[in-house]
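# A look at the structure
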Amino acid sequence: MNKAAKNILFLSVALALAGCGTSPSANEAGTAAQGNLVGAKIGGDFALTDQNGKTVRWADFKGKYRLVYFGYTYCPDVCPLDLTHIMAGYRLLERSDPAKAAKIQPIFITVDPQRDTPGVIKTYTAAFHPKLIGLTGTSEQIEAVKKAFVVVASKEGDQKATENYLVNHTRTPFLFGPDGEPIALVPIAEAGAKQDQAAQEVRDFLSQFVE
Ligand code: NI
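Notes on the structure in this doc start here. Numbering of residues begins from 1 in every chain and follows the order in which that chain's sequence is written. Local features in this predicted model are restricted to residues of pLDDT 70 or higher, and side-chain atom pairs are both shown and tallied only at a pLDDT of 80 or more, whereas totals for entire chains, interfaces and linings draw on every residue. Calculated side-chain values reflect all of the structure's heavy atoms, with hydrogen atoms and water omitted.

## Observations regarding the overall build of the protein chain
Counting from the N terminus, the helices are the DSSP runs of H or I reaching at least four residues and the strands are the DSSP runs of E reaching at least two. Counting its secondary structure elements, the protein chain contains six helices and eleven strands. Relative accessibility decides the category of a residue: with a 1.4 Å probe and only protein chains considered, values under 20% of the type maximum give buried, values over 50% give exposed, and everything between is partly exposed. By the burial criterion, 51% of the 211 residues in the protein chain qualify as buried. Pairs at least 24 residues apart make up 72% of the contacts formed inside the protein chain by residues separated by at least 6 positions. On the protein chain, roughly 9600 Å² of surface is accessible, and the fraction owed to carbon and sulfur atoms is 52%. Any two residues whose heavy atoms approach within 4.5 Å are treated as being in contact. In short, Shrake-Rupley with a 1.4 Å probe defines the accessible areas, and a residue's cover is counted only from the protein chains shown.

## Quick word on the packing of helix H2 (residues 78–96) against helix H6 (residues 195–209)
Orientation of H2 relative to H6, taken along the N-to-C sense of each, is 60°, at an axis distance of 7 Å. The pairing of H2 with H6 is recorded here as oblique in orientation. You can see that H2 and H6 cross each other, and the crossing is right-handed. On H6, the residues touching Thr 84, His 85, Ile 86, Ala 88, Gly 89, Tyr 90, Leu 92, Leu 93 and Ser 96 of H2 are Gln 195, Ala 198, Ala 199, Gln 200, Val 202, Arg 203, Leu 206 and Ser 207. As a working rule, the residues Ala, Val, Leu, Ile, Met, Phe, Trp, Tyr, Cys and Pro are called nonpolar, Asp, Glu, Lys and Arg charged, and the rest polar, with Gly in that last group. Looking at side-chain class alone, the contact of H2 with H6 contains nine nonpolar, seven polar and one charged residues. All axes here are fitted lines through C-alpha atoms, helices being fitted over the stretch that makes contact, and every angle between N-to-C directions spans 0 to 180 degrees. Our angle categories are set so that under 35 degrees counts as roughly parallel, over 145 as roughly antiparallel, 65 to 115 as roughly perpendicular, and the remainder as oblique. Whether a crossing is left-handed or right-handed is set by the direction in which the near helix is turned from the far one by less than a right angle, anticlockwise for left-handed and clockwise for right-handed.

Have a look at this one:
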């Protein structure tokens, strides 16, 4: 395992802390896929700002399944790859079972509020899927959300840097239920995986857990 990556054991689920700018190991990607988060204390209300500058609360998604991915738009490799696979899987579900897909709200939450302004996030999320919303906030708001969602993220190197820095963060795509309850970790593919196959796994996963 590279030095920028660590594993956290949480309720017997290995949540991979993948350093963006480094490749995740096969082991990290593989273990996260088995997670079942039923009963875990993850999530909780927040007030953040979406890609259009509008205030969004966790409670606003009452009645919807929530596909939540924490990352940052400047992430050079892991985040865009995961989001590509996850949203491709979501597209497959839209085709095979549109009623189920309509029950799911995909959500991207930044761990880099310093650079990820609503405008930056708007361009980013639009590249993956029109239904993907992107949330940011003040550093304090994001810190509180990270804590509630058991997400670990920290800037690499010079803490005062304002550009050209990487953020190590947990690679944790969560599926939550209609009452905001955690259900499971979304399967994420190993680096180098075939996109079709990775998308199929996500589709099958969503199809299995969304009623
Ligand atoms: Ni990333």
